[in-house]
Amino acid sequence: MSFRDYLGSKAIALCMGGIGILYLTLIAWLCGLSLSLLLILLLSGVVMLIICMILSWRRADRRLRMLRNRLDAMPEKYLIGETLPRPRDAVERQYYLLMKEISRSAIGAVEQARGEKQDYCDYVESWVHEIKTPLTACSLILSNGGNPAKLRRELRRADNLTETVLTYAKIQTVEKDTQITLADLRTVCDQAVREEMELLIAAGISVAIEGNGKAYTDPKLLVFILKQLLINCAKYCPDCRVHMVLSENSLLFEDNGPGIPAHELRRVTERGFTGSVGRARGESTGMGLYIVSRLCRSLNIGMELSSREGQFTRFVFRFPAPTLQNC
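Values in this document were obtained by computation on a predicted structure and should not be read as measured data.

### Side note on the overall build of the protein
Okay, step 1: A count of helical and extended segments in the protein gives eleven helices and seven strands.
Okay, step 2: Here the C-alpha atoms of the protein give a radius of gyration of 35 Å, more than 25% beyond the 20 Å that 2.2 N^0.38 yields for 327 residues.
Okay, step 3: Burial analysis of the protein (327 residues in total) assigns 33% to the buried set.
Okay, step 4: With the model as given, the accessible surface of the protein reaches about 19,700 Å², and the carbon-plus-sulfur share is 59%.
Okay, step 5: With 42 positive and 35 negative side-chain charges, the protein shows a spacing of 8 Å between the two charge centroids.

This is how it looks when you write it as structure tokens:
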């Protein structure tokens, strides 16, 4: 910081100092002080004011240079707030506290971004290993004559995995991509079942849809949510029955599979959590229900999960009531 810039920042103090010197000189003149002594008093005041400004500028300049050198030496600039020197006055203390708060907020944001990036990299790595299974199966099917039904089933698995990883990649900005419309829940359920028909038939799963209803939501994302539940049924409870019950602003999805142990029920929507059924089959990535829960929060859909081990698993989705904007 140049001396000129520093004087500009101290303009008010300089003006008040100059006025003070003139005021004292005036009082001395009224008291009958000689002209020569008045000039000496005036010059002395000006010199003292200039010396104070120079000393104050040098101290501030040294402090700023020290901070600049410290900042240049840091590979992660946002940590500078944690290394600031202790404040020397009340105003500097307030700046110090503000910088500490900003720095801690930046550190939290950086750590969160790093964690999300690492989570994404971990998931992509596991996805690469998982997608090898249907691709290898396709190669084997083709080398053994190419059974069309089996080939379609493995291609559907690969397509599901690809759709899941793409949805996970967009999950942070899903609010920007949603298109809320008045969706027919029966149409959405029929589409989800139709797209997973090969897997459901191969797993011996029957699906019954009861009732009708409409809800304001994103039909494409709701289809994805239902497909994830159907895929889980195909993986973990073959030969089970799926029952969907539709009504206005509500959708119930239930299967009569092995259920979820009570001690795992609260954790099944956590990222990467693999339950005992998934571990036993060795097919779980722990991402399906995590993505479902994240999408429900983004779409403002209430999701209630209940289960009884050995009997059923039930999801109840409650959609937000229509608003004037939706209408």
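After that view, the rundown keeps rolling.
### Let's talk about a positive patch on the surface
Okay, step 1: A contiguous patch of positive charge on the surface is contributed by K10, R58, R59, R62 and R88.
Okay, step 2: Its location among the elements puts R88 in the loop between α3 (35–73) and α4 (90–143).
Okay, step 3: Classification of R88 by relative accessible area gives partly exposed; the value is 49%.

### Let's talk about unusual backbone geometry
The phi angle of most residues is negative, glycine excepted, and most peptide bonds adopt the trans form.
Okay, step 1: Not every positive phi belongs to a glycine, and D239 is a case in point at roughly 65°.
Okay, step 2: Residue placement: D239 occurs in the loop between α9 (219–236) and β4 (241–247).
Okay, step 3: With a phi angle near 60°, N300 is a residue other than glycine that sits in the positive phi range.
Okay, step 4: In this structure, N300 sits in the loop between α11 (288–298) and β6 (302–308).

### Some words on the side chain of R153
Okay, step 1: Secondary-structure assignment places R153 in helix α5 (residues 148–169).
Okay, step 2: One buried charged residue, R153, forms no salt bridge at all, with the nearest opposite charge on E154 at 4.3 Å.
Okay, step 3: Residues within four places of R153 in sequence aside, it is in contact with E198, L199 and A202.

### Points about the sheet that holds strand β2 (residues 206–211)
Okay, step 1: Strands sit in the order β2-β4-β5-β7-β6 across an open sheet of five strands; the sheet is mixed. Strand pairing shows two members of the sheet lacking a second neighbour, β2 and β6, which therefore form its edges. Here the strands of the sheet are splayed against their neighbours by 15° on average, with no regard to which way each runs.
Okay, step 2: In this sheet, β4 lies alongside β2 in parallel orientation, the contact comprising six bridges. Across the sheet, G211 pairs through a bridge with L246, a residue of β4.
Okay, step 3: On the sheet, helix α7 (residues 185–195) packs against β2, β4 and β5 (250–255) and is oriented at approximately 175° with respect to β2.

Scoring rules and cut-offs
- What you see as residue numbers is a count from 1 along each chain, following the sequence as written.
- Reporting of local features is limited, given that this is a predicted model, to residues whose pLDDT is at least 70; pairs of side-chain atoms are given and counted only at 80 or more, and all residues count toward the totals for whole chains, interfaces and linings.
- Remark: hydrogens and water are excluded; side-chain values derive from all non-hydrogen atoms of the structure.
- Helix and strand definitions here come from DSSP, where helices need a minimum of 4 consecutive H or I residues and strands a minimum of 2 consecutive E residues; each element is numbered from the N-terminal end.
- Radius of gyration here is computed from C-alpha atoms only, and the compact-globule reference equals 2.2 Å multiplied by the residue count raised to the power 0.38.
- Relative accessible area decides the class of each residue, using a 1.4 Å probe on protein chains only: under 20% of the type maximum gives buried, over 50% gives exposed, and in between gives partly exposed.
- Shrake-Rupley sampling with a 1.4 Å probe provides the accessible areas, and residues are treated as covered by the protein chains on show and by no other component.
- Charge assignment in this entry is limited to Lys and Arg as positive and Asp and Glu as negative, and neither His nor the chain termini are counted.
- Where a charge lies is defined by one atom per residue type: Lys uses NZ, Arg uses CZ, Asp uses CG and Glu uses CD.
- Put simply, a patch holds well-exposed residues, over 30% relative accessible area, that have no salt bridge, with like charges counted together within 9 Å and Val, Leu, Ile, Met, Phe, Trp or Tyr side chains within 5 Å.
- The term salt bridge refers to a pairing of a side-chain nitrogen on Lys or Arg with a carboxyl oxygen on Asp or Glu at a separation within 4 Å.
- The contact definition used throughout considers only heavy atoms, calling two residues in contact when any of these lie within 4.5 Å.
- Being paired, for any two strands, means DSSP has found at least two bridges between them.
- Every axis corresponds to a line fitted to the C-alpha atoms, with the helix fit spanning only the stretch in contact, and the corresponding angles, defined between N-to-C directions, vary from 0 to 180 degrees.

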